[in-house]
Amino acid sequence: MGRGERLTGGYSGRMLLVLVATWGMIQTARLVVPPLLPEMRADLSLSLAQAGVVLTVLQGVYGVFQYPSGRLSDSWSRATLLVPSILVLAAGTALIGAATGFLVLLVGVGVFGLG
């Protein structure tokens, strides 16, 4: 924190609020997919194996990109990394919501995991 900045106000406080809200949205979305999977299976006629692949891709892509995103956040500013991340998350969410079949759903969860 810079000189005279407080955690509850100023730039640091706003950035903390944005980061906490974004992290909360990401975790909520990641944790909502598994309970919704039975409904997705019924709507998209997915097999159990396909549903397993969807969850594996979601968690796998998310996990694989944890390290690179941490490295990027060390070299870029938080806002520079956060804005594209939110846009990618939104695109992934839109793809998941618009999925009409297995491949679109798979791409959607992959994009979401990337974000």
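Criteria and thresholds
Residues numbered from 1 in each chain as written. Predicted model: local features only at pLDDT ≥ 70, side-chain atom pairs only at ≥ 80, totals over all residues. Heavy atoms only, no water. Phe/Tyr/Trp six-rings, centres within 6.5 Å; stacked < 30°, edge-to-face > 60°. Lys NZ or Arg CZ within 6 Å of the ring centre and 35° of its normal. Helix = DSSP H or I, 4+ residues; strand = E, 2+ residues; numbered from the N terminus. Contact = heavy atoms within 4.5 Å. Expected span 1.5 Å × (residues − 1). Buried < 20%, exposed > 50% of the residue type's maximum accessible area, 1.4 Å probe, protein only. Arc of directions from axis to C-beta.

A word on the packing of aromatic side chains. Overall, the coordinates contain zero aromatic pairs when judged by the stated rule. Sitting over the ring of Tyr62, Arg30 keeps its end group 3.8 Å from the ring centre.

When you line up the elements, Thr22 lands in helix α1 (residues 10-44). Those residues in contact with Thr22 that lie beyond four places of it in its chain are Leu82 and Ile86.

The next thing to look at is helix α2 (residues 48-64). Across its 17 residues, α2 extends 24 Å between first and last C-alpha, which sits within 8% of the 24 Å expected from 1.5 Å per residue. Among all positions in α2, only Ala51, Val54, Leu58 and Tyr62 are buried. Mapping the buried residues of α2 onto a view down its axis gives an arc of 55°, with all of them on the same face. Among the exposed residues of α2, those pointing more than 90 degrees away from its buried face are Leu48, Ala49, Thr56 and Val64.

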